[in-house]
Structures are given as C-alpha cells and as structure tokens.
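Okay, here's what each chain looks like letter by letter:
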Amino acid sequence: MRAASLPVLKALLLAEVRMRMRRPGTMVAVLALIGLSWAMVGDPSLGYTLVAIDETRVLYTSTCLALGGALMAGLLFGLAGFYLVRGRVSEEIRSGVAAVLAATPVSNTVFVLGRWLGSVVYLSALLLVFLATMLVLHLLRGTGPIQLGVYLQTFALLLLPVVFLTASLASLFESWPPLMGKGGDVLYFIFFLAQLSVPAVATAGHAGWAPALLVDFSGVSSAVQAFQSVVHSQHFSIGAASFNPALAPVVLPESLWSRELLLSRAGCALIGMLPLLLAVPLFHRYSPDRVRVAPGGGARWSPLALANRWLRPLSAAVRPLFGLAARLPGVWGEALAVVALALVSNPAAIVAAAVLLAGGCVVEGAALGGWLTAGIVIWGVLVSELSVRDLRNDVDSMSAAAPGGAQRRLAAQLLAACLLALVFTAPVLLRWLIAEPLRAAALATGVFSMSCAASLLGRLSGGGRTFLALFLFGIYVAVQTAKAPALDVVGFNGAANALSVMGQLLTGTLVFVLALWHEKWRFARN
C-alpha cells in the first residue's frame, strides 16, 4: 500500500467510527455492557462472586476482576460485536450511496482495510467503556488498589484476538454476496459456538501449551490454562457463582501469563486477521450483477436464501392465512397477516416449525427444555426483522397512515411476534401448562418481553441486528448459567421462579410502553 493511500485510509477509518458511534444501537450496546458487568460481578455480601474455586471465593483484586471481566467481555464481543459492526453495506445499498462509493478512486484493499480498522476502533471504544465500568466496580466491591497495568494487559491479551477476528469476519461477510444476508448471520452464530468448543476440547487434559490455543479467539482456554497453573484445580466457575462464605478467599498473583501464552495470544491475534485476505479479492464493490441495489435489498445467493428458494412451494400451505387475516377485524387480522408474510417469506421456517411441533408432542419431558431452545432461537431470528420490515421496504409512512396509525401497527407486530412463537413452541407450552405451570408462565412472559424488546430495538436502531446480537448472546449465557432464575427467560432451564416471571412481565410492559411512546414521538417529529 502506497503512502498516498494513508490519508484516504485515515478518512475511511474516521468516517466508519463516526457513523457507528452515532447509531442508537451503540447506546444500547453501552447500556448492555454496563448491565452485564454489574450482573456478573456479584456482591459477595449477597452470596455471589465473579470467580469461585471449589466453592471458595476469589478475592476481588485487580487480577481477578480483570480476568473475569475480560472473559465475560470476550463472549459478548465475540457474538454481539459481529452484529454491531455488520450491516453498513446494506444501509449504503438502500440509501443509494453505494453507486457513489463504487465510483470512488480507492482500491479494494484500502477500502476493506479502512472498514476493518473502523470496526476495530469502534469495538475497542466499547471495550474501554466496559473497562471503565469494571474500574468503578473495583472501587465499590474490590479489594486492594486498582492496578491499571494489570487491567490493560489482561484485556489486551484476551480481547484483541476476538476483536480482530470479529472485525475481519464482518468485513468478509460484507464483501461476499452469499454471506451478506440472514444466512450469514446464522452461519456466524454456528461458527461462534464452534470456535468456543473446539479449543476447549482440543486442550482438555493438556498441562502445557497446545497448538489449539492459536485459534482460541475467545481466550477461554488460554485463561483456563493460566488459571490452572496458579490454583491447580479443575473445578472453578466464572460469572455470578455461589461460594461457601466459611472458606477463606483465594488471592490470585499479580501475573498469570507465561511466555508461551503471551506469544500464543499474539499469534492468535494475527490469525484473526486472515479473513481479510479473502475479503479483498471477494469484495463486490457494489456491482449490480453481484448485489441487488434496491430498497430492502439483500443477498440473493446466501445459503438461507437458496434454501428458501428451493422450499418456496411449501409457502402455499400458509397462504390461506392471508384470507383469514382479511376477514378478521382490527389488530388481530393485521397481526395474522404479519405472521403469514413472515412464514411465506421464509419457507425454511415452515419446515422448522413442522419438525418442532411434531417433536414437541413426542419428546420426553426432560428433553423439552433443549427442544424449546432450538425453537426460540429460530423464532428470535425471524422476529428480529418484523419491526423493521416496513422501514426497509419504504412503506413505514403508508403503514402509519392506515387506521389506528403507527401505534396500532406496533401493537400488531408485537402480537404477531407472540403468535409466531406459538408456531414453534405450542406443544411445549401446552405440556408445561399441565405439568409445570411456572415454566409455562416463564415461557409466555419471556416471549412477551423479548417481543417488546425486538420492537423497541428495531425502531431505535433501524435494523434487526442489535436485537439479534443481544438475543443470541443472552440465550447462550442463559444456557451456560442453568441455575440463575433471572436468566431462565423462557423456562428452558427449569430455574425460573415466581419473582423472575413477574420481573419479566413488568419489564416487558415497561418496554412496550416505551416503544409506544417512541413511535408516537417519532411520527410527531416527522
């Protein structure tokens, strides 16, 4: 890259950071980071701690808080970070800016590298917000002085590889048309789960360094090795763990990182940049024969789009819903039409619903939680787009001019999201109503609260990926933290109690009221 390209690269970087910082989704991400840190760094006086070893609390020194906080942030940024930095190309296609950018005399290498650097700086800025929150928590709940060097070293070692990889994959997925759509979002979620489990399985039983640590982008396996070299225990937990207050707390040393682990994390960060080598030659440069330059455009050749095209004849099974919706009065008819449109547009979801409905009737009661998790994940992917479909297809103002206005449209979309959940979870809900009413209540209130959140976040951010990122991360954390009632949002862990159910209902109601107010304010302003 020539020196003359550096000013262009700087301009691209600054433009990317400014555009992303101005998104409403950024504020949502900041609030989520603050809430996550306060939830995971439990108050020892209440019986919870961030790190526990064999039921023994680890004292909240700088080393403990930096290690635990960085691991939690690594999981969040490894999943949510991808969806936060993704979507710029689609916005440019819908706004018409794509043609201008395509004609700009900038090479593909400079353009992709500028986008990648902007994503790295943006995610790093969010990490600094998380770090500041951890420092505040250290002042309130920590022990000993704040060692800023320990925090910075731990955060850099554990989080820079995942930031580099997330930004690189986002650039690759935005550059290659088959990965630009919803299929790419689902594919990345599968990749996220795989990159967490593969290093853990490959390093299990290894006392020293293993080659699999070079692809430990989340840093979990590396942190486990560093941790075990000090405490010599196989039984420890991180994140809102319970402990025995009668046992004396453990104090971690100031430094946990060996020379091998330091070099391993540096190599992991470099490997995380490799997807850029594919992104540059695959970059479509907004060519109309490779990407559809139209309002509401998307990837026509993504795996999910191809599956929907092959399964298109199945959409005939749900087309009668449109006639029924036309005959139903008021918001119910409108909601049913939204459900029908969602299913007709995604025939693959019809197949998934048929499998989940049939399986939900026959699987054993103990397996219903796992069966429900699959249905809720598919449901979340679908509802993330319900509240933004009108905006993306330039019919938002027309929908608001219909009887009932924008607020009725919001209520119809919320009701449609709840009805769509029944398509995937009805057998589980009915069986729990008979056998375990509290889990059924958790499922109902969880669907309601998440539907309200999808509506609000979609309208605030103008896209579905903000909700999708937080939703998928929340589901992952909930599955991993099986005993926390507050995280058992739909009852799949069986840990929900009456207090958590009432909390979900209250939260959903407040979010719905806020969404109604925002919708009224938005159209009054326009």
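Before any of the text, the structure's been laid out above.
All values derive from a computational prediction rather than experimental measurement. (Residues numbered from 1 in each chain as written. Predicted model: local features only at pLDDT ≥ 70, side-chain atom pairs only at ≥ 80, totals over all residues. Heavy atoms only, no water.)

When a strand is regular, its side chains alternate between the sheet's two faces. Taken across its six residues, strand β1 (residues 48–53) has five buried, putting it largely inside the fold. Of the strand pairs in this sheet, β1 and strand β2 (residues 56–57) are connected by two bridges, and their pairing is antiparallel. Residue pairing across strands places A52 opposite R57, the latter belonging to β2. Here β1 hands over to β2 after two residues, with D54 in that stretch at a positive phi of 50 degrees. (Buried < 20%, exposed > 50% of the residue type's maximum accessible area, 1.4 Å probe, protein only. Helix = DSSP H or I, 4+ residues; strand = E, 2+ residues; numbered from the N terminus. Pairing = 2+ DSSP bridges.)

Taken N-terminus to C-terminus, the directions of helix α14 (residues 330–345) and helix α19 (residues 405–435) make an angle of 55 degrees; their axes are 8 Å apart at the nearest point. In terms of axis orientation, α14 runs oblique to α19. Once α14 is placed against α19, the crossing between them reads as right-handed. In contact with G330, V331, W332, E334, A335, V338, V339, A342 and L343 of α14, α19 contributes R408, R409, A411, A412, L415, A416, L419 and L420. Taken together, the residues of the contact of α14 with α19 sort by class into 13 nonpolar, one polar and three charged. (Axes fitted to C-alpha atoms, helices over the stretch in contact; angles between N-to-C directions. Parallel < 35°, antiparallel > 145°, perpendicular 65-115°, else oblique. Left-handed = near helix turned anticlockwise from the far one by under 90°. Contact = heavy atoms within 4.5 Å. Nonpolar A, V, L, I, M, F, W, Y, C, P; charged D, E, K, R; others polar.)

A few words now on the pattern of salt bridges. Evaluation of the coordinates by the stated rule reveals ten salt bridges. Residues R439 and E436 are paired through a salt bridge, measuring 3.4 Å at the closest nitrogen-oxygen approach. Note on E436: relative accessible area 33%, which makes it partly exposed. Look at the salt bridges and you will find they share partners, linking R86, E174, D185 and R465 into a network. (Salt bridge = Lys/Arg side-chain N within 4 Å of Asp/Glu carboxyl O.)

Another point: the packing of helix α2 (residues 24–40) against helix α3 (residues 62–85). α3 packs onto α2 with a crossing angle of 165 degrees between their chain directions and a minimal axis gap of 12 Å. Our classification of the angle between α2 and α3 gives roughly antiparallel. For the pair α2 and α3, the crossing hand works out as right-handed. Across from G25, A29, L33, L36 and M40 in α2, the residues of α3 making contact are M72, L76, F77 and L84. Each residue belonging to the contact of α2 with α3 can be placed in one class, and the counts come to eight nonpolar, one polar and no charged.

The next point concerns the nonpolar core. Y83, I376, W379, L420 and F424 are the most contacted members of the largest nonpolar core, which has 136 residues in total. Ranked by residues supplied to this core, first place goes to α3 with 17 residues. Discounting residues that sit within four places of it in the chain, L420 has contacts with V339, A342, L343, W379, L382 and V383. Formed by six residues, the second largest nonpolar core is a distinct cluster that contains L410, L414, L456 and A515. (Core = buried A, V, L, I, M, F, W, Y, C linked by side-chain atoms within 4.5 Å.)

For the rest of this paragraph, the subject is helix α15 (residues 347–362). Here α15 contains 16 residues, and its C-alpha end-to-end distance of 24 Å stays within 8% of the 22 Å for a straight helix at 1.5 Å per residue. Burial in α15 covers these residues: P347, A349, I350, A352, A353, L356, G359 and G360. (Expected span 1.5 Å × (residues − 1).)

A word on the environment of L422. Here L422 lies in helix α19. As a C-alpha pair, L422 and R319 span 103 residues in sequence and 18 Å in three-dimensional space. Among all residues touching L422, those that are not within four sequence positions of it are L357 and L429.

With respect to the element layout, F189 can be found in helix α8 (residues 182–203). Residue F189 is classed as buried on the basis of its relative accessible area, which comes to 14%. Residues F189 and F512, spaced 323 residues apart in sequence, show a C-alpha to C-alpha distance of 28 Å. Discounting chain neighbours no more than four positions away, the residues touching F189 are L79, Y83, V377 and L472.

Remember that the coordinates give geometry; whether it matters functionally is a separate question.
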